[in-house]
Amino acid sequence: MKKVIVSLCMAGALIGLSSCASTKNAATLSSISGEWNIIEINGTAVVPAPGQEFPYIGFDTKTGKVFGNSGCNRLMGSFDVNAKPGTIDLGALGSTRMMCPDMTIENNVLSALGKVKKYKKLGTENIALCGSSNRPIVVLQKKESVAKLSDLSGKWIISEAAGEAIPDGMEKQPFIEFDMTEKRIHGNAGCNIINGAFQTDETNPSAISFPQLISTMMACPDMAVEGRVTKALNEAQSFGKLAGGGIGLYDADNTLVLVLVKK
């Protein structure tokens, strides 16, 4: 947290001295690649609620995908990777539709991002997103990878699959349990028991996949949940911590496909 406070001071000081119209600190497309915490909006520091993380936005500069979390809901969208360096249009971002107790940060984030037309470096660590007037309206700070493979250890309830919440009161609650020593998982997809190995990548600490999962072959009255869970596991390519807690599994397009909550 100390690092964030220092960076907020730097950002506030630099905003008053720079403009996205300036050629100083020009940014290339590769400089915005990855995930970024949203730490300031219109000159005001973002202060998450206790126990929550900063809202964040991620840019895949190879595919033009945008992803993230605006404080309550997930962000998704795209941008033109062939646009003039330093320019980016985030006016067509979409989001999920959940309601949270306090939507203030969420509304401020979405409103500000909808006005973004340009980007530039802000000091050595941050990025400024600017509107058409060249005034920085959002300050981004690089989001450090906070999820480690060891964080997956143990049993997790599956609370959401393929963008839909798992219904309450199911006879067999979907879950996965990770055995980190054997690099295997065991669980239940909603009807059938699932077992199998998981694979990781030493060059990418957030990569994970579940090839060759096997399951029992029982038939249940409603197999829709099971279908969503198994499809999500087959598509998973990476994982990360979610704002407000839990672990998310993401597909190759960085779309959240599975939400895990600690048992």
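Note that this is a predicted model, so its numbers are computed, not measured. (Residues numbered from 1 in each chain as written. Predicted model: local features only at pLDDT ≥ 70, side-chain atom pairs only at ≥ 80, totals over all residues. Heavy atoms only, no water.)

Visitor: Even after reading the chapter, I still don't get the overall build of the protein chain, so can you show me in this structure?
Guide: Within the protein chain, the regular secondary structure consists of 3 helices and 20 strands. Residue pairs at least 24 apart in sequence account for 51% of intrachain contacts in the protein chain once pairs closer than 6 positions are excluded. When the accessible surface of the protein chain is totalled, it reaches about 13600 Å², and 54% of it is carbon and sulfur. (Helix = DSSP H or I, 4+ residues; strand = E, 2+ residues; numbered from the N terminus. Contact = heavy atoms within 4.5 Å. Areas by Shrake-Rupley, 256 points an atom, 1.4 Å probe, with all protein chains shown as cover.)

Visitor: Just checking my understanding: could you explain the environment of glycine 187 for this structure?
Guide: The residue glycine 187 is located in strand 13 (residues 184–188) in this model. Note on glycine 187: relative accessible area 1%, which makes it buried. Residues glycine 187 and isoleucine 176, 11 residues apart in the sequence, show an inter-C-alpha distance of 4.3 Å. Residue contacts for glycine 187: discarding those within four places in its chain leaves Phe175, Ile176, Asn192, Ile193 and Ile194. (Buried < 20%, exposed > 50% of the residue type's maximum accessible area, 1.4 Å probe, protein only.)

Visitor: Is there a simple way to explain the pairing of strand 13 in this structure?
Guide: In regular strands, side chains alternate between the two faces of the sheet. Two elements, strand 12 (residues 175–179) and strand 13, share 5 bridges in a ladder whose sense is antiparallel. In the sheet register, phenylalanine 178 faces strand 13, and the bridge partner there is isoleucine 185. Counting the residues between successive antiparallel strands, the hairpin from strand 12 to strand 13 contains 4 residues, one of them, lysine 183, with a positive phi of roughly 55°. Where strand 13 meets strand 14 (residues 193–197), 5 bridges bridge the pair, whose relative direction is antiparallel. Bridge pairing links histidine 186 to asparagine 195 in strand 14. Hairpin connection of strand 13 to strand 14: 4 residues between the antiparallel strands, including glycine 190 at a positive phi of 125°. (Pairing = 2+ DSSP bridges.)

Visitor: What am I meant to see in the nonpolar core here?
Guide: Considering soluble globular proteins, one finds that nonpolar side chains tend to be buried as a cluster. Ranked by internal contacts, the top residues of the largest apolar core, which has 30 residues, are Ile38, Ile57, Phe59, Leu90, Leu113, Leu129 and Leu140. Taken together, the elements giving at least two residues each to this core come down to strand 1 (34–41), strand 3 (56–60), helix 2 (104–113), strand 7 (118–122), strand 8 (126–130) and strand 9 (136–142). Among all residues touching phenylalanine 59, those that are not within four sequence positions of it are Ile32, Ser33, Gly34, Trp36, Lys65, Val66, Phe67, Phe79, Ile88, Leu90 and Leu140. Counting 25 residues, the second largest nonpolar core, distinct from the first, contains Ala147, Ala232, Phe239 and Val257. (Core = buried A, V, L, I, M, F, W, Y, C linked by side-chain atoms within 4.5 Å.)

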